[in-house]
Amino acid sequence: MPQANMKKHFVVIKNAWQRQLVYRTTVYAYRLGNVVEILFQFAIWTSVYKSTSVVFGYNYNEMITYILIGWLINFMTDNYGMTDVVAKDIQTGMLSNYLVKPMSYLRYLIAMSFGRITIALFSGIVMQLFFIAIFHKQIIAPQNFVSVLVVAAIVVIGYLVRLFVSILFGLIAFWTTDIAGLNSFFSILVRFLSGGYAPLSLLPGALFSISMFFPFAYIVYFPTQLYLGKVSMTAGLRGLGIELVWLAILYLVIKIVWHQGLKRYEGVGI
Amino acid sequence: MVFNRYISIFLLRAKAGLMSRMLHPLNFLVMVVTVALQGFLTILFVKVIYNYTGSISGWTYNEAMMVVASFLLIEGLIWFTTAQFAGIRKNIKSGSFDHILIKPIKTLFLVSVWRVDVEDVMRVIVALFIFSQVVGSFHFTLLGWVVRTAFYVLTIICGYVISYSLALIVNSLFFWYTEANGINMMLESITRMGQYPTGILYGNAVKFILSFILPITFLGTVPATIFTDDNYVRAFLLSLMVATICFGVALKVFNAGLKAYSSASS
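Residues numbered from 1 in each chain as written. Chains lettered and ligands numbered in written order. Predicted model: local features only at pLDDT ≥ 70, side-chain atom pairs only at ≥ 80, totals over all residues. Heavy atoms only, no water.

A word on the overall build of chain A. For chain A, the helix and strand inventory stands at 11 helices and zero strands. Sequence-ordered secondary structure for chain A, helices as α and strands as β, is α-α-α-α-α-α-α-α-α-α-α. In terms of overall dimensions, chain A is globule-like: its C-alpha atoms have a radius of gyration of 20 Å, near the 18 Å expected for 270 residues. Principal axes of the C-alpha set define a box for chain A whose edges measure 65 × 40 × 40 Å. Across the 270 residues in chain A, those meeting the buried criterion constitute 54%. Across chain A, every contact between residues at least 6 apart in sequence was considered, and the portion connecting residues at least 24 apart equals 80%. (Helix = DSSP H or I, 4+ residues; strand = E, 2+ residues; numbered from the N terminus. Rg over C-alpha atoms; globule rule 2.2 N^0.38 Å. Buried < 20%, exposed > 50% of the residue type's maximum accessible area, 1.4 Å probe, protein only. Contact = heavy atoms within 4.5 Å.)

Now for the interface of chain A and chain B. Think of interface size as the accessible area that goes away when the parts come together; that is how it is often given. At the interface, 37 residues of chain A touch 36 residues of chain B. Together, the buried faces of chain A and chain B total about 3100 Å²; carbon and sulfur atoms form 76% of this surface. Taken as a group, F40, I44 and I188 of chain A account for 19% of the area that chain A buries against chain B, more than any other trio of residues on that side. At the junction of chain A with chain B, the criterion picks out one salt bridge. The interface formed by chain A and chain B holds five residue pairs in polar contact (both at pLDDT 80 or more) in total. Elements that contribute at least two residues to the side of chain A that touches chain B include exactly α2 (24–48) and α8 (180–193) of chain A. With 16 residues, α2 of chain A is the largest single contributor of residues to the side of chain A that touches chain B. In terms of residue class, the side of chain A that touches chain B is made up of 24 nonpolar, 11 polar and two charged. (Buried area = accessible area lost by both parts, 1.4 Å probe. Salt bridge = Lys/Arg side-chain N within 4 Å of Asp/Glu carboxyl O. Polar contact = N/O pair within 3.5 Å; in protein donor to acceptor, adjacent residues only side chain to side chain. Nonpolar A, V, L, I, M, F, W, Y, C, P; charged D, E, K, R; others polar.)

This part covers a nonpolar patch on the surface. Residues and elements named next belong to chain B. On the surface, a cluster of nonpolar side chains totalling about 710 Å² of accessible area is made up of F208, I209, F212, I213, L238, M241, I245 and V249. Inspection of the secondary structure assignment puts L238 in helix α12 (residues 232–260). Classification of L238 by relative accessible area gives partly exposed; the value is 30%. (Patch = residues over 30% accessible without salt bridge, like charges linked within 9 Å, V, L, I, M, F, W, Y side chains within 5 Å. Areas by Shrake-Rupley, 256 points an atom, 1.4 Å probe, with all protein chains shown as cover.)

What follows covers the packing of aromatic side chains. Counted by the stated rule, this structure contains 44 aromatic pairs over all chains. Between the aromatic rings of W45 of chain A and Y49 of chain A, the centroid separation amounts to 6.4 Å while the plane-to-plane angle is 50°, which identifies the pairing as tilted. On the basis of an interplanar angle of 15° and a centroid distance of 6.2 Å, the ring pair of F214 of chain A and F216 of chain A is categorised as stacked. Accessibility expressed as a relative area gives 13% for F216 of chain A, which makes it buried. Joined through ring pairs, the aromatic side chains of W45, Y49, F56 and Y60 of chain A together with F45, Y52 and Y196 of chain B make up one cluster. (Phe/Tyr/Trp six-rings, centres within 6.5 Å; stacked < 30°, edge-to-face > 60°.)

With that settled, the discussion passes to the nonpolar core. Among the nonpolar cores identified, the biggest contains 174 residues, and F40, W45 and L171 of chain A together with I88 of chain B are the most heavily contacted of them. Sort the elements by how many residues they give to this core and helix α7 (residues 145–171) of chain A lands first, with 14 residues. In contact with F40 of chain A, not counting residues within four places along its chain, are M193, Y196, T198, I200, L201, L210 and I216 of chain B. (Core = buried A, V, L, I, M, F, W, Y, C linked by side-chain atoms within 4.5 Å.)

Moving on, we get to the pattern of salt bridges. Between side chains of opposite charge, a pair can form as their charged atoms come close. Under the counting rule described, the total for this entry stands at nine salt bridges over all chains. Taken together, the shared-partner salt bridges connect R21, R115, D117 and E119 of chain B into one network.

Across the chain, the bulk of peptide bonds are trans and the bulk of non-glycine residues have phi less than zero. All names here are of chain B. Phi is positive for S57, close to 50°, though the residue is something other than glycine. Here S57 is to be found in the loop between β1 (55–56) and β2 (59–60). Note on S57: relative accessible area 38%, which makes it partly exposed. Despite not being glycine, F85 shows a phi value in the positive range, around 60°. Within the fold, F85 resides in the loop between α3 (61–82) and α4 (86–94).

Just distances and angles here, no functional claims.
As structure tokens, this is what we get:
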């Protein structure tokens, strides 16, 4: 029975992966845009460090490492528009097809997201490894193997947290047919609050403390801090715990929203 | 007469764009806030960086903010008037491009104004806000202000033409390849870097690429130099030259795309 269950999930992953192969040019082009963004970040920070040695508590090498590891984690936790997928399923009535399938919609989305990210994830990692090779003199090596393992665990949970948040935003489509604005707003906010633009330590004290209550800070900022040895292993494990609690909360909220949303669902277009 | 006709068509498209947005007023409001948030995050980033340094590659805080403002102004105008040529990609994908071709009006104009993103006026407002904050730091005579402002407007128009041309070239690829979304996103990512002074990049090759191959330096840095550099006439003439070349190339690509277009519905 569990084997049959696994097989179902694997078919979904494989289908999503094959679909992504069709759009691989899109992914590569997108990566080229990322290359320019990363190069500009290097150039900006290199210019800044010409007149100062420490910014937000980071020296030059730490900042370069933050950018490289931060982008790498960003690539590893991105789900590339799952909010749109969920919203479109609801808006077009495609959701009705999934309701009669022998697999829950949430499980289907999780399996599909694994297939969807494959090429993007692979190209992102290759690109970052290329940058890491170029900047190997600046990049700081991890403190120890255990911290790498904890960072890896945080990244995996971070991926699921980000995925759950995206699904949750997508489910808003049960109540409003156009969520493009909300989607863009939350994308920018999540990237900012996760430390995707710059280290969160740029925020004033109170705002920084508030941002640490949200799950987003544990997606990019926190694991990078742990990698750099700027937080202790105990704090790292506590961060992992906080992330797991957020994951459980998000799962429960998704369940509640899903059941409430289904009551409003009209199966438009079917 | 013809000009009035085109203006009225643009206004009609703007009205249609606003009406479609107002179908979901909350979503529209969030879009406006999002556009403003993007602008203010850039301002915050620049502000925080300059807390640690007086200048970056020779650019002071106020000069760097002029770059940001110029970029937002051009970007806001492009999105407001053309929505990055959504008219080309949407209609080719949906098979309704034939309807555009048979209209008694220039096809290029119609695909340009097909979608008007009203919320992007907010970018222009953020740009004007930045101007109001930094303009006091530049000191010219009255004549100096008049001349530089005139050249600035002309250079912004050139920047608009360059941005328009780049978007037209990329979106014309949809005539051959309907899945050019990635290239469009790549262009957006790259042009977004025009909001920072391109002088921070090292290497003549990189500077050459960003000036003449992907001329994003004309979308922020060059317009700002009208107020920060005494060689502003040269900056304008260079902008004019690049804008003319870009527009010429874009027209060629678009016309070639039109020739290659095979109707999806017939």
